[in-house]
Amino acid sequence: MADVHKDDAVFFKSTGMVSAAELANLARLDHDREITLVIAGLDSGGGAGCSADCQSVADAGSYALVATTALTVQSLKRVGTVKAVEAQFFAETMDTLIADFPKISAVKVGLVTSQEILELILKYLEGPLKNAKVVWDPVLTATAGDFESADLKGSLSRILKVSTLFTPNLTEALELASWDEERLERCGMHELSSEFTKYGCAVLIKGGHAKDQAQSSDFLKTAEHEIVFSHDRRQGKGAHGGGCALSSFIAGSLAQGYALDDAVALGKSYVTCGILRPMISQESSRPPVGHHREFLNPQTWPSVKDSNFPSPRSQPFPGCNEDLGFYPVLDSSEWIERVLRLGVRTVQLRIKDAKRADLPDEIERSVELAKRYKARLFIDDHYQLAARFHAYGVHLGMEDLQTADLEFIAKSGLRLGVSTHGPCELFKALGLKPSYIALGHVFPTNTKAMPSKPQGLWKLKREIGLMRALHVPFTVIGGITLDNAPVLCKLGVLSAAAVSAVTKAEDPDEAVFAYLRLFGSGGDI
């Protein structure tokens, strides 16, 4: 069980998917969840505030601490008395939590009920909590009840400087930026979001309050790009507490090591599931948003439009069998021939040097070999040459997709495989309707420098469930060895890709046979 992500012990214990011996090997990796601190008011109706935040944080895989800013008398129908906690009580709470829980990985800030408490929060985030990821979900007086709210607008620059992500809804964003609807129509979301990102944080402007739209779209702007996460707008009363659930789930996901884009993508899916499946039924009011650990399915994953990525396609690429089997990734036609003779029927030729004089010859010979053995050969990157020699398909990474001529690939009849490294990239890839998707990287790998962290099995499980439900073929890649491959089989993985596990094995032929025994050679072409 080498190279298993440290969170996987918890995952396997909860599923009972491994033997007692395997659990013993995982025990050394067991640990408490990462910690997320929730700073919010207490909603007596349970639909929002810290009680709902804690459920969202738990569903994200994190452990929630609570620093309460207010006690509220409210239900799903109305807000009554809101009593702010005393600043001294809040400070004592924060001091106790920081002292007794020295590793707080993320903080979610919601309702701030006084200027004193706002100053305290900023002091802690600028001081002992300066290394934590901070998701600040602003709550303005108009939506919070009858009390003297903190001046968020007056302290906006300090708030944004300590925040990792700022999550106003559209109405709040306009008010905080001193914009009106007319200026928004004239300047657009790009300029509005820049009012917040100029201080260094990312901003997610929630579009649920926008009018006259067929879709509910949230606009994320980071230093690198702009992404729009959209769902078809549903008829009905919506759900109470969606904003709280979104921000706290994102915070919990950041605590668990997800990249910001991935945390937001999952948060959007989580809240959509909560709207579709509320906690309780309410005839005359909005029901509270549901909290569900299993939330990612074909109805909840968002459409993703990235400013640096091709737009979603209406027509799919040619399909391939859902079971791709063992999938070695190799750098020469000699290796291609060797594994095909051993029974491999899905293989990739990866030659990164586009200036190699023998590149066309290597691709042509590999295509001929694949046809002789009736195998699926994917060419990495070089789609023009793949089309010239009539290869089965091509494989492209996220950066390659930014400049690739997808229409040329489609018209050439090539199948398209796409590499992904987390939920956000997966959602973007699904929008292209590729032939298959590679989910990675699962475990630590030395094959190449990776900008992302290993996903581990408990994160991978979410993506596998979605791929199965969508019937999209997939393979998994990254650090896969004969030690950890059996665990992937227990997850129901039908195809695994490997690079150095074959080419650097002491006995490459026996390594191929061992992988084929685990994953097979895949279905027919």
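In short, a report on the structure. (Residues numbered from 1 in each chain as written. Predicted model: local features only at pLDDT ≥ 70, side-chain atom pairs only at ≥ 80, totals over all residues. Heavy atoms only, no water.)

### Some remarks on the overall build of the protein chain
Then, number 1: Regarding its fold elements, the protein chain presents 20 helices and 18 strands.
Then, number 2: Contacts spanning at least 24 positions in sequence make up 67% of the contacts within the protein chain whose residues lie at least 6 apart.
Then, number 3: Counting every atom, the protein chain has about 22500 Å² of accessible surface; 49% of that belongs to carbon and sulfur. (Helix = DSSP H or I, 4+ residues; strand = E, 2+ residues; numbered from the N terminus. Contact = heavy atoms within 4.5 Å. Areas by Shrake-Rupley, 256 points an atom, 1.4 Å probe, with all protein chains shown as cover.)

### Quick notes on the environment of Asp400
Then, number 1: Positionally, Asp400 belongs in helix α14 (residues 398-401).
Then, number 2: Overall, Asp400 belongs to the partly exposed group, its relative accessible area being 27%.
Then, number 3: Placed 20 residues apart in sequence, Asp400 and Asp380 show a C-alpha to C-alpha distance of 9.9 Å.
Then, number 4: Among the polar contacts listed, one links the side chain of Asp400 to the backbone nitrogen of Gly397, at a separation of 3.1 Å. (Buried < 20%, exposed > 50% of the residue type's maximum accessible area, 1.4 Å probe, protein only. Polar contact = N/O pair within 3.5 Å; in protein donor to acceptor, adjacent residues only side chain to side chain.)

### Observations regarding the nonpolar core
Then, number 1: Ranked by size, the top nonpolar core spans 102 residues in total, and within it Leu165, Ile250, Phe326, Leu439, Val476 and Leu488 carry the most contacts.
Then, number 2: Broken down by element, this core gets its largest block of residues, eight residues, from helix α10 (residues 260-276).
Then, number 3: Not counting residues within four places of it along the chain, the set of residues in contact with Leu439 comprises Thr420, Leu426, Leu460, Glu463, Ile464, Met467, Phe474, Thr475, Val476 and Ile477.
Then, number 4: One finds Ala91, Ile117, Leu118 and Trp136 within the second-largest nonpolar core, a separate group that totals 47 residues. (Core = buried A, V, L, I, M, F, W, Y, C linked by side-chain atoms within 4.5 Å.)

### Some points on the environment of Val442
Then, number 1: Inspection of the secondary structure assignment puts Val442 in the loop between β16 (436-439) and α17 (456-470).
Then, number 2: Once the C-alpha coordinates of Val442 and Leu488 are considered, the two residues, 46 residues apart in sequence, prove to be 9.8 Å apart.
Then, number 3: Beyond its immediate chain neighbours, meaning those up to four positions away, Val442 contacts Pro454, Gln455, Gly456, Leu457, Leu460, Val476, Ile477, Gly478 and Leu488.

### Details of the packing of helix α3 (residues 49-59) against helix α9 (residues 242-255)
Then, number 1: It is at 8 Å that the axes of α3 and α9 come closest, and there the two elements cross at 45°. When the interaxial angle is binned, α3 and α9 end up oblique. Crossing of α3 against α9: the hand is right-handed. On α9, the residues touching Gly49, Asp53, Ser56, Val57 and Asp59 of α3 are Cys244, Ala245, Ser248 and Phe249. (Axes fitted to C-alpha atoms, helices over the stretch in contact; angles between N-to-C directions. Parallel < 35°, antiparallel > 145°, perpendicular 65-115°, else oblique. Left-handed = near helix turned anticlockwise from the far one by under 90°.)

### Here we look at the sheet that holds strand β2 (residues 63-74)
Then, number 1: Judged by pairing direction, the sheet is mixed, and its ten strands sit side by side in the order β3-β2-β1-β4-β5-β6-β7-β8-β9-β10 without closing on themselves. Two strands bound the open sheet, and with one partner strand each, they are β3 (79-84) and β10 (303-306).
Then, number 2: Pairing analysis gives two bridges linking strand β5 (residues 133-136) to strand β6 (residues 165-166), with the strands arranged parallel. From the neighbouring strand, Trp136 faces β6, where its bridge partner is Phe166. (Pairing = 2+ DSSP bridges.)

### Observations regarding α9
Then, number 1: Its 14 residues place the ends of α9 20 Å apart at the C-alpha level, agreeing with the 20 Å of an ideal helix rising 1.5 Å per residue.
Then, number 2: α9 sits mainly inside the fold: 13 of its 14 residues count as buried.
Then, number 3: Just beyond α9, the residue with positive phi is Gly257, at close to 95°. (Expected span 1.5 Å × (residues − 1).)

### Structural notes on the packing of aromatic side chains
Then, number 1: A complete count under the given rule lists twelve aromatic pairs for this structure.
Then, number 2: Between Trp301 and Phe427 the ring centres are 6.0 Å apart and the planes differ by 35°, which places this aromatic pair in the tilted class. Taken together, the residues Trp301 in the loop between α10 and β10 and Phe427 in helix α16 (residues 423-431) connect sequence positions 126 residues apart.
Then, number 3: Given the relative accessible area of 1%, Phe427 is considered buried.
Then, number 4: Here Tyr327 and Phe378 contribute two aromatic rings whose centre-to-centre distance is 6.0 Å and whose plane-to-plane angle is 35°, an arrangement assigned as tilted. Highlighted residues: Tyr327 in strand β11 (residues 326-330) and Phe378 in strand β13 (residues 376-380), separated in sequence by 51 residues. In this pair, the class of Tyr327 matches that of Phe378, namely buried. (Phe/Tyr/Trp six-rings, centres within 6.5 Å; stacked < 30°, edge-to-face > 60°.)

### Considerations on the pairing of strand β8 (residues 215-221)
Then, number 1: Most of β8 sits out of view: five of its seven residues are buried.
Then, number 2: Bridging between strand β7 (residues 202-205) and β8 involves three bridges; their strand directions are antiparallel. Each bridged residue has a counterpart across the sheet, and for Ile205 the counterpart in β8 is Phe219.
Then, number 3: Bridge analysis of β8 against strand β9 (residues 226-232) gives seven bridges, and the strand direction is antiparallel. Counterpart to Gln215 in the pairing with β9 is Asp232.

### Points about unusual backbone geometry
Then, number 1: The omega torsion across Gly440 and His441 is -25°, close enough to zero to call that bond cis.
Then, number 2: Here His441 lies in the loop between β16 and α17.
Then, number 3: With a phi close to 60°, Ser178 is a non-glycine residue in the positive phi region.
Then, number 4: With respect to the helices and strands, Ser178 occurs in the loop between α7 (170-177) and α8 (181-197).
Then, number 5: Given a relative accessible area of 49%, Ser178 falls into the partly exposed group.
Then, number 6: Backbone geometry at His471 places phi at a positive 60°, although glycine is not the residue there.
Then, number 7: Residue placement: His471 occurs in the loop between α17 and β17 (474-476).

### Structural notes on a negative patch on the surface
Then, number 1: A contiguous patch of negative charge on the surface is contributed by Asp180, Glu181, Glu182 and Glu185.
Then, number 2: In this fold, Glu182 is placed in helix α8. (Patch = residues over 30% accessible without salt bridge, like charges linked within 9 Å, V, L, I, M, F, W, Y side chains within 5 Å. Salt bridge = Lys/Arg side-chain N within 4 Å of Asp/Glu carboxyl O. Lys, Arg positive; Asp, Glu negative; His and termini not counted. Charge placed at Lys NZ, Arg CZ, Asp CG, Glu CD.)

### What about the pattern of salt bridges?
Then, number 1: Using the criterion set out here, one finds 19 salt bridges in the structure.
Then, number 2: Between Lys198 and Glu195 there is a salt bridge, with its nearest N and O atoms 3.6 Å apart.
Then, number 3: Residue Lys198 is classed as exposed on the basis of its relative accessible area of 54%.
Then, number 4: A salt bridge links Asp306 to Lys428, with the nearest nitrogen and oxygen atoms 2.8 Å apart.

Taken by themselves, the reported measurements are silent on function.
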